[in-house]
Structures are given as structure tokens and as C-alpha cells.
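If you want the building blocks of each chain, they are given just below.
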2 protein chains.
Amino acid sequence: MFRKLLIAGVGLIGGSLALDARKHGLAEEIIGYGRPGKNLKWAKQTGVIDDFIHTPEKTPEGIDLLVLATPVETVVPLARTFFSRLASGCLITDVGSVKEKIVREMEASLPPRFHFIGAHPIAGNEQWGAQAAREDLFQNRKCILTPTNLTDRKALAKLRRFWQKLGAEVILMNPKVHDQVLAVVSHLPHVLVYALVNTLGRTRVDSIDLKEFCAGGFKDFTRIASSRPELWRDIFLLNRRAVSKGLADYIRSLERLKRMIDNGQGAALEKEFALANEARRRIS
Amino acid sequence: MFRKLLIAGVGLIGGSLALDARKHGLAEEIIGYGRPGKNLKWAKQTGVIDDFIHTPEKTPEGIDLLVLATPVETVVPLARTFFSRLASGCLITDVGSVKEKIVREMEASLPPRFHFIGAHPIAGNEQWGAQAAREDLFQNRKCILTPTNLTDRKALAKLRRFWQKLGAEVILMNPKVHDQVLAVVSHLPHVLVYALVNTLGRTRVDSIDLKEFCAGGFKDFTRIASSRPELWRDIFLLNRRAVSKGLADYIRSLERLKRMIDNGQGAALEKEFALANEARRRIS
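Summarised in this report is the structure supplied together with it. Note that this is a predicted model, so its numbers are computed, not measured. (Residues numbered from 1 in each chain as written. Chains lettered and ligands numbered in written order. Predicted model: local features only at pLDDT ≥ 70, side-chain atom pairs only at ≥ 80, totals over all residues. Heavy atoms only, no water.)

## Some remarks on the pattern of salt bridges
Under the criterion given, the structure shown has 40 salt bridges over all chains. Here Glu100(A) ties to Arg104(A) by a salt bridge, and the two come within 3.9 Å at their closest N and O atoms. Here Arg104(A) and Glu100(A) lie together in helix H4 (residues 100–109), a separation of four residues that amounts to about one turn. Accessibility expressed as a relative area gives 47% for Arg104(A), which makes it partly exposed. Glu169(B) serves as the salt-bridge partner of Lys142(B), at 3.6 Å between the closest nitrogen and oxygen. (Salt bridge = Lys/Arg side-chain N within 4 Å of Asp/Glu carboxyl O. Helix = DSSP H or I, 4+ residues; strand = E, 2+ residues; numbered from the N terminus. Buried < 20%, exposed > 50% of the residue type's maximum accessible area, 1.4 Å probe, protein only.)

Structure below.
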């Protein structure tokens, strides 16, 4: 399908993509790009990638697929540093959790000999590094592609097939709509958990260490607070508007519940909780 | 240790307590109290309890331990209906997630021939009914006892041994302090999740069904929204003041994060997230 695949950022997502691309024969050669250090060496030793480079200048000739799997803030500036090294007709894509800004800026600076399509596979967990990579990470997961009216239809069909071969269910979405959806289902929960864990840390009840009294539910609930701080900082900054709107809606909804609790409105509370109970059941 | 144990409410907690009391030989006979229906029949058939009653009038003579394992609002009124049927010296306790109001009201109406001590084993999950009961549910879990200056020290020592034999780590706490601690580590997370799931249900982005795009993290995160609505309604109403204060603190903390996002304060955001990351690591 592709001759030479360059993956910038061989972590949980980039590394898993490498493993699966090889497994399904979607690329003849896979090169990793990243900082010097253990990560890329380990990835090469264990066969996740065939080789690696630390600077765009070292990019081998003939790259026909570039996947940017680095933190969202870095995607566009990093992509630009590769432009002069890529084969004509190269397909460029990313895996970032925010799409509108990335797609707009990429399309504004993309030389016409390349194609860019934003992608966001909804998979992963709070682990990181190539050692977190695993086969079939994208199996039965959704992968959202965010084409625009500038997108080349052939390139889109090719990227769609690529993700389908990795087992993903491909969905096309407007980049702005993508960001609004993800703000609610993913970015908002992260804000809530960060705030909760810090509220816990700041609350003093006598000299009791509140952490000692967290039951299993709390641990499940706050697992996502183990995600990388700098990664989430960037996601919030890049998806600022949608996250802020989601957060405002959410704060209003909390204030409503608080009024019901303050006023002892049992029936109204039970109705809210039953609604949530039912909605939760419908989450597949 | 006890001759006749009466458990009002043979569900996840009451049923597990019955299983463990039998396993460790802590009661010669175990009787369940509850509404007519399949639950108590099933509990008797499978040996969770020896027998059951549906009305306090049917209480057998010689009950020396009464455990109230019903929803928090019902604990005190239900306990009162048993007073005329219990053996003198009977130890009465509960397993509710809220303590101050229960302890205060119980102590106000308790005949002097009985002892009451509030208890809260921090164990359980979102399942319910006797079929959810299992052995060793309390093993290595904390059980908070909330004695007051009215508490009989011998009765306290006995209840303490009882929970220790079930494998729990017993902690003594003032009832009010208990409620403040639980408001933050348990009650607050439930409000947040109920509000999040309903925000998700109310948000419209084009005609997209947001539930389709919830990743694994969201499911972990919202698992507690599967808890029973009426149970949590009662907990919030009974622990109104502490939950309301915790919620107010939390809303302030969200508003702070929202300002950082709105103003693009990346460094401040990262600092908050790193703090949460570190605090989360320290949750055992």
C-alpha cells in the first residue's frame, strides 16, 4: 500500500500503528522519527520500526506516508520541517485529538505536491512510550478522518482503506464538529478529574489524609488523571473554544444539582440520577 | 461471638456480611429481613441466610446483633420498629455511607437497654441484591466506626473485633468528620459523573450521537453512574451540607481551570495537571 512509512513520534499510538502496518503488510519499510534516547533504540531492537532518524535532514528518500503522532501543538510545525524531504504525492496525516486548528494550518501551508488528511483514532490509554505499543490497538475502534473541500478524494480513499485494514471503523467528520464532540466525551472528563484530584489534595478535614479513604470506584474514576500533563495542556489550548463551552455547560449542570441538594429536592435529584443511569446503560 | 444476627436488607453489603459472619463463625444463626419477593428466598435457598422475616412482628427472640443494611434514609425509622423485639443488651449497627444524622437520631431514640454504633465499611460496587453478595468483600478494606461520648466501650470493642474478623481495617472517626471525608472522596465523584453523563445526553452537535464516541476511559469514568438512583438521592439529602460544601469548592476549582483555558495559560494548566498526576500516583 505504501513504500516508506515515516512515523514521527513512536509512542503508544505511533508504535502500535507501526506494529499493525507491518502485520498487515501496509508498508515495506517503517522509519521512526524522534529525539535521541532509549525509546527509538528500543523500538528498532524489538522490530517495531526498521530504522530511525533524529533530524528531518536525515529523512531517507521516497517517503510516501508521513504519520505525525506527536503532541498536538507540535504537529504542524514539525510537518513543515519535513516538506523538503518527502516524495512528491506523499500522503501526510496525524493522529491528534484536536483537529480544526491542525487541519486549517496544515492546509494553509501545504505544498500542492502533497496531500494532508487529519485523522484521530479513538484508542489508547494513559500509558506512553514505544513500550506501550501493542498490536490490534485500533481493532474495532473508531477512527475519525476530517477531510475538507480541499481534500483529494483518492488520497482520502487510500487513508480510509489504511485504517480499515488496521481494523478500525472509519468515520468522516468536519474538523470543527470533531472538536466539539471530543470536547464533551474526552477533553471535559479530563478537566473534571484533574480538578477533582486537586480538590481532594487541597481539602483539609482535621488531619485526615483523604487519599486513604478512596474506594475502588475513585481509582477507576481518576485513572485518566495519570495521563501526561503536557499532552493535555496542549489539547486544551488547541481546543480551547469547544472545551470552554463544554465546561460552561457542565458547571451550569453542577450548579443545578447543587441547588437541588441544598433545597432537599429529592424527587428532582432522583429523576436526574435515573436519567444518567439510563444514559450510562446506552453507552456501548 | 453473637447468637442471633438479624440483617435488615440482604443486598450486596448485607448479604456479603452474612456470608462472612458464617464463614468466620461469628453468629450461630442469621436471619434476613426484607420485602417479600425473590431476593430473600434466593438468599435462604443458597444458604446466605438461615431464615427470613418480612415484618418486625415476626422477629424471633434472642436477637443480639441487628445490622441495618438498608438505604440510609430508612435506617433510623426501621431500627425503631425492631426495638420492642430485640434481646436486652442487643448491639445495633448499620453500614450506611452517611453517619452524622443517623448516629444523632439513633442516639436520641435508643432505649438504654441497647447499644448503637454507626459503621461504614468502604467496600462495594454498583451492583445490588443478594446475588451480588460475595465472601471476603471486606477483606483489606477500611471499616469506619463512629462512636460518640455516649458509646458503650465494651460494645465498641466487640463491634471492632467483629469487623476485624471479617478482614477489615477498623478506623474510629467522629460522625461529622466521616461525612466530610466521604463527601469529597465518594459523594462528590457521584455528583460529577451524574452531571457529566447528563451533559453528554443534552449536548447536541449536529445530529451526532455523542455516546458513539466514548472511549474506554469514559466508560471507566462513568461506571459509578450505574449506581441506584434512589440510594444516592438519599445519601445526598442526608449528607446535604458536606456535599454542598464539597461541590462549591469543586465548582470554584473548575472555574479556575476554565479561566486558565480561556486565557491560554499553558504553564499554569500544566502545573495543575502535574499536581493532579502526582496526587493520583499517591492514591493507593
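Next comes the rest of the write-up.
## Describing the side chain of Thr93(A)
Residues and elements named next belong to chain A. For threonine 93, the position within the fold is in strand S5 (residues 91–94). A relative accessible area of 2% means that threonine 93 is categorised as buried. Apart from the residues within four sequence positions on either side, threonine 93 is in contact with Leu65, Leu66, Val67, Leu68, Phe116, Ile117, Gly118, Ala119 and Leu159. (Contact = heavy atoms within 4.5 Å.)

## Some remarks on the pairing of strand S1 (residues 2–8) of chain A
Residues and elements named next belong to chain A. With respect to burial, S1 is a largely interior element, six of its seven residues being buried. In this sheet, strand S2 (residues 27–33) lies alongside S1 in parallel orientation, the contact comprising six bridges. Opposite phenylalanine 2, over in S2, you have alanine 27 as the bridge partner. Between S1 and its parallel partner S2, the chain crosses via helix H1 (residues 12–23), and the hand of that crossover is right-handed. As defined by bridge partners, S1 adjoins strand S4 (residues 63–68) across five bridges and the pair is classed as parallel. Across the sheet, residue isoleucine 7 finds its bridge partner in S4, namely valine 67. (Pairing = 2+ DSSP bridges. Right-handed = clockwise from strand over helix to strand, strands pointing away.)

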